[in-house]
Amino acid sequence: MVEATNFIEQIINEELSSGKVNGTYTRFPPEPNGYLHIGHAKSLCLNFGVKEKYNGKCNLFLDDTNPSKEKEEFEQAIKKDIEWLGFSYDEVTHASDYYEQIYQFAVKEIELGNAFVCDMSPEEISANRGTLTEAGKESPYRNRSIEENLRLFKQMREGKFADGEKCLRAKIDMASPNINMRDPVIYRILRETHYRTGDKWCIYPMYDFAHPICDYLQGVTHSLCTLEFEDHRPLYDWVGITLGFNPKPRQIEFARLNVTNLVMSKRYLKKLVEDGKVDGWDDPRMPTLTGLRNRGVPAEALKDFCNRIGISKANSEVQISYLEACIREYLNANAERAMAVLKPLKVTITNYPDNQTEELDFDINPNEEIKRTRKVTFSKNIFIDSDDFSLAPPPKYFRLKKDGYVRLKNAYIIKCDDIVFDKDGNPVELLCSYVPESKSGSDTSGIKCKGVIQWVEESTCIDTEIRQYGYLLKDEEYPGQDFGERMNENSVKIFNGKVEPYVMENDFDKAYQFLRTGYFKRLKLKDKEILSEIVSLKDNFNK
RNA sequence: AGGGGUGUCGCCAAGCGGUAAGGCACUGGAUUUUGAUUCCAGCAUUCGUAGGUUCAAAUCCUGCCACCCCUGCCA
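Residues numbered from 1 in each chain as written. Chains lettered and ligands numbered in written order. Predicted model: local features only at pLDDT ≥ 70, side-chain atom pairs only at ≥ 80, totals over all residues. Heavy atoms only, no water.

**Some remarks on the nonpolar core**
One broad rule of soluble globular proteins: the nonpolar side chains tend to lie buried together.
Here's step 1: If you look at the biggest cluster of nonpolar residues, it comprises 36 residues, and the most contacted ones within it are Ile102, Phe153, Leu168, Tyr187, Ile203, Phe209 and Ile213.
Here's step 2: Of all the elements in the fold, those that place two or more residues in this core are α4 (99-111), β4 (115-118), α6 (146-157), β5 (167-170), β6 (185-189), β7 (203-205), α7 (207-218) and α8 (233-242).
Here's step 3: Per element, the largest residue contribution to this core is seven residues, and it comes from α4.
Here's step 4: Ala41, Phe87, Val259 and Ile327 belong to the second largest nonpolar core, which has 33 residues in total. (Core = buried A, V, L, I, M, F, W, Y, C linked by side-chain atoms within 4.5 Å. Buried < 20%, exposed > 50% of the residue type's maximum accessible area, 1.4 Å probe, protein only. Helix = DSSP H or I, 4+ residues; strand = E, 2+ residues; numbered from the N terminus.)

**Details of the packing of helix α2 (residues 38-54) against helix α11 (residues 299-309)**
Here's step 1: The N-to-C vectors of α2 and α11 enclose an angle of 70°; their axes lie 9 Å apart at closest approach. One element, α2, and the other, α11, form an angle in the roughly perpendicular class. Contacts between α2 and α11 involve Ile38, Ala41, Lys42 and Cys45 on the former and, on the latter, Leu302, Lys303, Phe305, Cys306, Asn307 and Ile309.
Here's step 2: Per-class residue counts for the contact of α2 with α11 are seven nonpolar, one polar and two charged. (Axes fitted to C-alpha atoms, helices over the stretch in contact; angles between N-to-C directions. Parallel < 35°, antiparallel > 145°, perpendicular 65-115°, else oblique. Contact = heavy atoms within 4.5 Å. Nonpolar A, V, L, I, M, F, W, Y, C, P; charged D, E, K, R; others polar.)

**Quick notes on the sheet that holds strand β19 (residues 427-434)**
Here's step 1: The mixed open sheet is built from seven strands, whose spatial order is β20-β17-β18-β19-β11-β14-β21. Every interior strand has two partners, whereas the edge strands, β20 (452-453) and β21 (455-457), have only one.
Here's step 2: Alignment of strand β14 (residues 381-385) against β21, held across three bridges, turns out to be antiparallel. The residue bridging Phe383 from the neighbouring strand is Val456, located in β21. (Pairing = 2+ DSSP bridges.)

**With respect to the environment of Ala170**
Here's step 1: Note that Ala170 resides in strand β5.
Here's step 2: Those residues in contact with Ala170 that sit more than four places away from it in its chain are Asn114, Ala115, Phe116, Asp183, Pro184, Ile186 and Trp238.

**Quick word on the pattern of salt bridges**
Here's step 1: By the definition in use, this model includes 34 salt bridges.
Here's step 2: Put simply, Arg256 and Glu228 hold a salt bridge, and the shortest N to O gap is 2.6 Å. One end of the pair, Arg256, is in the loop between β9 (250-254) and α9 (266-274); the other, Glu228, is in the loop between β8 (222-226) and α8, and 28 residues separate them in sequence.
Here's step 3: Residue classification places Glu228 among the partly exposed positions, given a relative accessible area of 40%.
Here's step 4: For Arg407, the salt bridge is made with Asp443, and the minimal N-O distance between the two is 3.4 Å. Of this pair, Arg407 sits in strand β17 (residues 405-408) while Asp443 sits in the loop between β19 and β20, and the two are 36 residues apart along the sequence.
Here's step 5: Among the charged side chains, a network of salt bridges with common partners joins Asp119, Arg144, Glu148 and Lys166. (Salt bridge = Lys/Arg side-chain N within 4 Å of Asp/Glu carboxyl O.)

**Re the packing of aromatic side chains**
Here's step 1: Per the stated rule, a full pass over the model turns up 20 aromatic pairs.
Here's step 2: Ring geometry for Phe48 and Phe87: centres 4.9 Å apart, planes at 15°, overall stacked. Linking Phe48 in helix α2 with Phe87 in the loop between α3 (72-85) and β3 (92-94), this pair joins segments that are 39 residues apart in sequence.
Here's step 3: Here Phe48 falls in the buried class, since its relative accessible area comes to 1%. (Phe/Tyr/Trp six-rings, centres within 6.5 Å; stacked < 30°, edge-to-face > 60°.)

**A closer look at the sheet that holds strand β1 (residues 25-28)**
Here's step 1: Taking strand neighbours across the sheet as the criterion, the three strands line up as β1-β2-β3 in an open arrangement whose pairing is parallel. Taken across any chain shown, the strands that pair with only one partner, and hence form the sheet edges, are β1 and β3. Within the sheet, the average angular offset between the axes of one strand and its neighbour, ignoring direction, is 35°.
Here's step 2: Here three bridges tie strand β2 (residues 57-62) to β3, and the two strands are oriented parallel to one another.

**Observations regarding the pairing of β14**
Here is the key point about a regular strand: its side chains alternate between the two faces of the sheet.
Here's step 1: Most of β14 is tucked away: four of the five residues are buried.
Here's step 2: Note: strand β11 (residues 344-349) against β14, five bridges, orientation antiparallel. Looking at the pairing, Pro344 lines up with Asp385 of β14.

**Some remarks on the packing of α7 against α8**
Here's step 1: Contact geometry of α7 with α8 gives a least axis separation of 9 Å together with a crossing angle of 55°. Overall, the two elements α7 and α8 adopt an arrangement that is oblique. Crossing of α7 over α8 shows right-handed handedness. For the pair formed by α7 and α8, the contact residues are Asp208, Phe209, His211, Pro212, Ile213 and Asp215 on the first element and Leu235, Tyr236 and Val239 on the second.
Here's step 2: Along the lines of polarity and charge, the residues of the contact of α7 with α8 split into six nonpolar, one polar and two charged. (Left-handed = near helix turned anticlockwise from the far one by under 90°.)

**With respect to α3**
Here's step 1: Over its 14 residues, α3 runs 20 Å from end to end, which matches the ideal 20 Å to within 8%, given 1.5 Å per residue.
Here's step 2: Among the residues of α3, those classed as buried are Phe74, Glu75, Ala77, Ile78, Lys79, Asp81, Ile82 and Leu85.
Here's step 3: Positive backbone phi, at 85°, marks Gly86, one or two positions downstream of α3. (Expected span 1.5 Å × (residues − 1).)

**Digging into the confidence of the model for chain A**
Here's step 1: Looking at chain A, pLDDT values average 84 and 83% of them are 70 or higher.
Here's step 2: Here residues 460-543 is a poorly scored stretch, pLDDT under 50, and it has 207 contacts once near neighbours within four places are set aside; other chains count.
Here's step 3: Scored as a whole, the predicted complex attains pTM 0.87, and scored at its interfaces, ipTM 0.96. (pLDDT = per-residue confidence, 0-100.)

**A short note on the environment of Leu323**
Here's step 1: Along the polypeptide, Leu323 turns up in helix α12 (residues 320-334).
Here's step 2: Judged by relative accessible area, Leu323 falls into the buried class, the value being 1%.
Here's step 3: Residues Leu323 and Val297, 26 residues apart in the sequence, show an inter-C-alpha distance of 9.9 Å.
Here's step 4: Excluding its chain neighbours within four sequence positions, the residues that come into contact with Leu323 are Ile38, Leu302 and Phe305.

Written as structure tokens, this is what we have:
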């Protein structure tokens, strides 16, 4: 028996020990009508987590019962994302794989007297459904004979009726306080080409009818879904009971994932793509899995996040800093380090011999057990980030300033002697002197300096573009900035390393931190200098 | 208003009648050639609220309050 880490596993444990089930079979059931987002990752981790934990099975089930919204493109994208996350499913199934069987089950419901063909229009059905407090009215077609229902339903399939002219309804209870039980429609006529079955069908089962059947047919033991389906569970069970499913799959609901500041509704994301507000579903600003991937978020970090936030039934909103903590943790342990500067500022080390160079060893990742190193060439002419130099340093400024010392990472301590300005008064070059005996690893200079900055070497620079991305923000929280904007794009000189563009935080209330080329730099808000940096970033963001 | 849910630290979240785990965030302090990392310490006398049962309640009972979901031939 494995130890349960959430209420669903607890339920599974109980069922396993009572003998109600003797194994688990779950399914990840997206509708192929859009790309997967971070919310789906939670469901993915849950369903595949159960599979791994109980040595069970898990299918990728594409819930394609509404051909007007679904596309092959989405199915392929979904598979690619799941692959990226590293999950392997036992089978790929579709609701459409079971259309014939679902149809036969509908016939069975009619034969059992549990369903009837209704001639009312969608408007009439809606008008007769009643309200939250009043019972609905029974359809005048509710008591048709089984024979007539059978004949009519067959004709529906044969295309004898127009879209919406008739539908098949479950005969349950128009007075039920649960509106889902008021004779719900279970089959509708819809002439729409399905991306898999083409024009073979002109009637399609509704989710509420198809889902329990597909679960049963696949041998699913636990049908995990989000909270909004709680009210549908009685209907889910009704289908299983009336059709005599044994064993009957059990639906269990859990709270969907909300992350502060992230827009997550598929409807909204789709609109962003269609309106061209973003470059596509894979735009790094999107909270889609493919967007996060493009942003540089490691799959392992995302899975770690999903596992750490847990599963419960309480509506909640997880702070994005939690996601970032997971990403940071993974990256810190695994990212290959390289140095980079975003805004190059030339530094000439005046007392360093003109033609001299030195090969310096850099750890590719200081945390790895078997250290790998990389050579970096130090010489008279290098570049640093202009953000690491200040003309008007605030108190406790550790980095480079006029007449101040700073350590060039893994190299020497330098002192800024002079500044060359352009005609606009901006510094374009720093004239510095180095302390020869301060070389990293053999420093005998006795100079203590707190600041350590990155640098890149001129002759081996390669130009690469690094982009910083903001998040898509919820418009209700940030009026007027509903889509966010791409933040500044800088040409950057990268030394000897691959760049994974990634900006971690836009939570301006907290701190601003980002990763450049696997190298962390964390700045605290209490530092006034940083505050202005954040403000300027925010300004960029607002443009 | 009828039904279905949920309320434990700023944010997640364990707990299932025996006297409040953990993570994120935050705050101190130590190490540090990344203002990172690492380390050590601190961080709910209290579990939406008011009563009740009990030797004992976050856990059981009752009332109240707050929030979420439900009136698609969407999923």
